[in-house]
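Analysis of the macromolecular model
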Amino acid sequence: MQNAAAVAKSLQEIAGLLRFEGQPKFKVQAYERAAQIVTIVGPELAGLVEQQRLRELQGIGKALEEQIQQLWNSGSSDFLERLRRENPTGAGELIWVSGMTPKRIRVLSEALGISSVDSLLQSCVEHRVSQVPGFGAKTEQRLQQACERWLSEQAAVEPAPMLLAEGLELLESLRRALAGSVQESKIAGALRRGQELATELDLVVMGERTAVLDAVARPRQVLRVDAQHSVAHVAGGAKIRIHTATSADFGSKLFSATGSDAHIAAVAQRARERGVDLAERRFASEAELYEAVGLPWIPPEQREGQGELERAAATGFDDLVELDQIQGLVHCHTSHSDGKNSVLEMALAAEALGMKYITITDHSPSAHYARGVSLDALKAQWDEISRAQEQTRVRILRGTESDILRDGALDYPDAVLEQFELVIASIHARHRLDRAAMTARLVRAMSLPCFKIWGHGLGRILNHRAPIDCDVPQVLDALAKGGGAIELNADPYRLDLPPAWLPAARARKLPFVISVDAHSTRGFGVLRYGITMARRGGVEAREVLNVLPAQDFMAAVRPKRE
Ligand SMILES: [Zn+2]
Ligand SMILES: [Zn+2]
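Residues numbered from 1 in each chain as written. Chains lettered and ligands numbered in written order. Predicted model: local features only at pLDDT ≥ 70, side-chain atom pairs only at ≥ 80, totals over all residues. Heavy atoms only, no water.

**Considerations on the overall build of the chain**
Scanning the chain from N- to C-terminus turns up 24 helices and 14 strands. Since a compact globule built from 562 residues should have a radius of gyration of about 24 Å, the 27 Å found for the chain is in line with a globular shape. Projected onto the principal axes, the alpha-carbon positions of the chain cover approximately 90 × 70 × 50 Å. Each of the 562 residues in the chain was classed as buried or not, and the buried ones make up 53%. The long-range fraction of contacts in the chain, counting pairs at least 24 apart against all pairs at least 6 apart in sequence, stands at 69%. Considering the chain, the positive charge centre built from 67 side chains and the negative charge centre built from 72 side chains are found 3 Å apart. (Helix = DSSP H or I, 4+ residues; strand = E, 2+ residues; numbered from the N terminus. Rg over C-alpha atoms; globule rule 2.2 N^0.38 Å. Buried < 20%, exposed > 50% of the residue type's maximum accessible area, 1.4 Å probe, protein only. Contact = heavy atoms within 4.5 Å. Lys, Arg positive; Asp, Glu negative; His and termini not counted. Charge placed at Lys NZ, Arg CZ, Asp CG, Glu CD.)

Now the structure itself:
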């Protein structure tokens, strides 16, 4: 997964290089503005690129659209690469330091090999700049201050924590890159436990420490290895802690690098009670470690020190839902609202994944920003579904993702709602109602006497939008009474309802659907993150509706109940 911050940084570099070349001001500013727009758009960028809708943004024309697409898809662009080739290294960054002109950049590049703001600062500190003809001590001092100012401005923009999906993709690509040079590596830390966000990543690698760190420094993802602290710095500001292990203690190292602290403390306590010294003994595998304390292996998603040892001892965790049990892809958008693919394309892609059914749930009319489906257009969509159904074995369900309006009503008349085979009810607007109004709104929606799925419950967008404020237990009570299920939305930016609330939903015997909220056939790949959230919440396969065969699923989610 790409991130918007990296695209913005490249656009800013293009602006800098154009300015260095003395290109017209409007050109430079267009790229500067594009960098700002991309920063503001943030997580929405993925969807806009995928749906080819970048030009709907103010100030993004054809040329910028192409640049952003290339930067997003490949991490660079032909234009940026050409500008880099034709100009001194680092010019795109140095030009933004106050006092640095193109001429000065060229002179310092040739005289001192200055290629970044960092190296300019270093040269100023060592008084090498004032030795270069044309640069006096005063200029050197001013440049030093300007560098410090620029660097602190950059540092002020703390990199946001990494999303689970981003972090895992990064670590998996690093593992692939290391495969030839180390015996074994495994992801550990907060991401192995399925935490939604992480600032530090962990990798356990088998091998001798110096050799491992040398190997880790080679892949292109890694910018720098801090050997003293065994930390690899990667693009975008994330840090990866490298834990080295031998084949004899790989299990011990993996266990301790995975955490959490509370879980480790609980296991250590249990070990002491049994006279086992965890610090002393070495375990080749985690299974052996848990066995030594009289427990089955505990899935990482459950290692939070919240009573998992007791559940492990009593029933184990074999019943937690697993990815390959899912039989249907729930919550799919098509080109009828803000999706990219047709009904048939979505269905065929689901069939290719071995799925048995798919639910088409485009937006309802109130969601005009997402081109919600009007009553008239619904008829056309249902006809399309019928035609598509003749061309695939995947059962296609007629659903909707209906907006929950300001007052808690749903966005189609009851007579229409009853004709759907599945209703997801979601909030897409007015996220900032106060707690009382928001709770009343949701309680009303969830109390409606039809089976509905509470879509992306708290409306959060990780790193960008806080969850809505409401009394969740009250809403769950209303849903249990009115009839319905909880969605576990697998969109990496959502992961909603958050896992922390799942035990409360389980206690009320509410069923779950693990949904992809896909806006294109490429959107199906996120399913695994929804599974991870379910497992963190302790959800068992028998509680998940879309592990059921098509007929049973359809009966379970049918909106109209006798
Ligand atoms: Zn939605
Ligand atoms: Zn949706």
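**Some words on unusual backbone geometry**
Of note, the bond from glycine 259 into serine 260 is cis; its omega dihedral lies within 30 degrees of zero at -5°. One non-glycine residue, glutamine 52, adopts positive backbone phi at about 50°. On the basis of relative accessibility, which here comes to 55%, the residue glutamine 52 falls in the exposed class. Non-glycine residue arginine 430 carries a positive phi angle of around 55°. A relative accessible area of 52% places arginine 430 in the exposed class.

**Section: the packing of aromatic side chains**
The tally for this structure, following the rule as stated, stands at five aromatic pairs. On the numbers, 4.6 Å between centres and 25° between planes, the contact of tyrosine 357 with phenylalanine 553 is stacked. In this pair, tyrosine 357 is assigned in strand 9 (residues 357-363) and phenylalanine 553 in helix 24 (residues 550-557), connecting sequence segments 196 residues apart. Summarising the burial analysis for this pair, tyrosine 357 and phenylalanine 553 share the class buried. Taking 5.4 Å as the distance between ring centres and 50° as the angle between the ring planes, the aromatic pair formed by tyrosine 412 and phenylalanine 420 counts as tilted. Residue phenylalanine 420 is classed as buried on the basis of its relative accessible area, which comes to 2%. Here a set of aromatic residues connected by ring pairs shows up, and it is made of Trp382, Tyr412 and Phe420. Taking the ring centre of tryptophan 382 as reference, the NZ or CZ of arginine 398 above it sits at 4.5 Å. (Phe/Tyr/Trp six-rings, centres within 6.5 Å; stacked < 30°, edge-to-face > 60°. Lys NZ or Arg CZ within 6 Å of the ring centre and 35° of its normal.)

**Remarks on empty space enclosed by the protein**
Applying the stated criterion across every chain, the model contains one cavity of 30 Å³ or more. Of the voids in this model, the largest cavity is the one considered here, and its volume is about 40 Å³. What lines the largest cavity is simply Arg311, Thr315, Gly316, Phe317, Asp318, Asp319, Leu320 and Glu540. Its residues assigned to classes, the lining of the largest cavity comprises two nonpolar, two polar and four charged. (1 Å grid on protein atoms, 1.4 Å probe; cavity = no way out; pocket = protein on both sides within 12 Å on 5 of 7 lines; lining within 4 Å. Points joined across faces, edges and corners; volume = space filled by probe spheres on them. Nonpolar A, V, L, I, M, F, W, Y, C, P; charged D, E, K, R; others polar.)

**Examining the coordination of the zinc ion (ligand 2)**
For the zinc ion (ligand 2), every protein donor is listed as His331 (NE2), His333 (NE2), Glu401 (OE) and Asp517 (OD), and the spread of their distances is 2.1 to 2.3 Å. The site at the zinc ion (ligand 2) holds four donor atoms, and with the angles between them running 79 to 163°, its shape is irregular. Here the zinc ion (ligand 1) and the zinc ion (ligand 2) are spaced 3.2 Å from one another, each receiving a donor from glutamate 401. Of this pair, histidine 333 sits in the loop between strand 8 (328-332) and helix 17 (343-352) while aspartate 517 is found in the loop between strand 14 (512-515) and helix 23 (527-536), placing the two residues 184 residues apart along the sequence. For the pair shown, histidine 333 and aspartate 517 are each scored as buried. (Donors = N, O, S within 2.8 Å, 3.2 Å for Na, K, Ca; no water. Tetrahedral: all angles 85-135°; square planar, octahedral: opposite > 155°, others 65-115°.)

**Details of the coordination of the zinc ion (ligand 1)**
Within the protein, Glu401 (OE), His428 (NE2) and His456 (NE2) serve as the donor atoms for the zinc ion (ligand 1), at 2.1 Å. All donor residues of the zinc ion (ligand 1) come from one chain, and their arrangement in sequence is E-x26-H-x27-H.

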